[in-house]
Amino acid sequence: MRKSRFTDEFKAEAIKQIKERGHKVVDVAQRLGISDKSLYLWLRQSSGKQSIASNDDVVALKAEMSRLKAELKRTTEERDILKKAGKSIWQR
């Protein structure tokens, strides 16, 4: 497989000029001295990476939510136990 002659930082900056700054693909490609086909390829690849990252984020959020629900359940049970113990002390 051929190694790319452009760094990931270079590609990210080129993509940033299009997505965030609103420049046209053809203009950015001409300014940077690359083909517009390469730039379109980088754009497709970057959007694929973003969807993978967002899937990872969803998985992490679901795991955190499960952990928090379990912690809430445990804390609620502890509170209920303490409430019952407090009532029994005051009823004596």
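In this report, the structure presented in the accompanying data block is examined. (Residues numbered from 1 in each chain as written. Predicted model: local features only at pLDDT ≥ 70, side-chain atom pairs only at ≥ 80, totals over all residues. Heavy atoms only, no water.)

**With respect to the pattern of salt bridges**
Quick reminder of the rule: In the sections that follow, a salt bridge refers to a side-chain nitrogen of Lys or Arg positioned within 4 Å of a carboxyl oxygen of Asp or Glu. When accessible area is computed with a 1.4 Å probe and restricted to protein chains, residues below 20% of their type maximum are described as buried, those above 50% as exposed, and intermediate ones as partly exposed.
On inspection of all chains with the given rule, the structure shows five salt bridges. Note that E13 and R21 form a salt bridge whose closest N and O atoms lie 2.8 Å from each other. Residue R21 is classed as partly exposed on the basis of its relative accessible area of 47%. Three or more residues joined by partner-sharing salt bridges are found here, namely E64, R67 and E71.

**Some words on the environment of L39**
Under the convention used in this document: For the purposes of this entry, the term helix denotes a DSSP run of H or I that reaches at least four residues, the term strand denotes a run of E that reaches at least two, and both are numbered from the N terminus. What makes two residues a contact is simply this: any of their non-hydrogen atoms within 4.5 Å.
Its place among the elements puts L39 in helix α3 (residues 36-90). For L39, a relative accessible area of 0% translates into the label buried. Considered as a pair, L39 and N55 are 16 residues apart in the sequence and their alpha carbons are 25 Å apart. With sequence-adjacent residues up to four places away left out, L39 is seen in contact with A14, I18, V25, V28, A29 and I34.

**Quick notes on the packing of helix α1 (residues 8-19) against helix α2 (residues 25-32)**
The criterion, for reference: An axis is simply a line fitted to the C-alpha atoms; with a helix, the fit covers only the stretch in contact. Between two such axes, the angle follows the N-to-C directions and lies from 0 to 180 degrees. Each helix crossing is assigned a hand: it is left-handed if the near helix lies turned anticlockwise from the far helix by less than a right angle, otherwise right-handed if that turn is clockwise. We call Asp, Glu, Lys and Arg charged. Ala, Val, Leu, Ile, Met, Phe, Trp, Tyr, Cys and Pro are nonpolar, and the rest, Gly among them, are polar.
Relative orientation of the contacting elements α1 and α2 amounts to 140 degrees, with a least axis distance of 9 Å. Helix-helix and strand crossings are classified by hand; for α1 and α2 the assignment is right-handed. Between α1 and α2, the residues in contact are F10, A14, Q17 and I18 and V25, V28, R31 and L32, respectively. Partitioned by chemical class, the residues of the contact of α1 with α2 number six nonpolar, one polar and one charged.

**Some words on the nonpolar core**
Basically, it comes down to this: Take the buried Ala, Val, Leu, Ile, Met, Phe, Trp, Tyr and Cys residues and link them wherever side-chain atoms come within 4.5 Å; each set so joined is a nonpolar core.
Counting ten residues, the largest nonpolar core consists of A14, I15, I18, V25, V28, A29, I34, L39, W42 and L43. Contributions of two or more residues to this core are made by α1, α2 and α3. Leaving out residues up to four positions away in the same chain, I15 has contacts with W42, L43 and S46.

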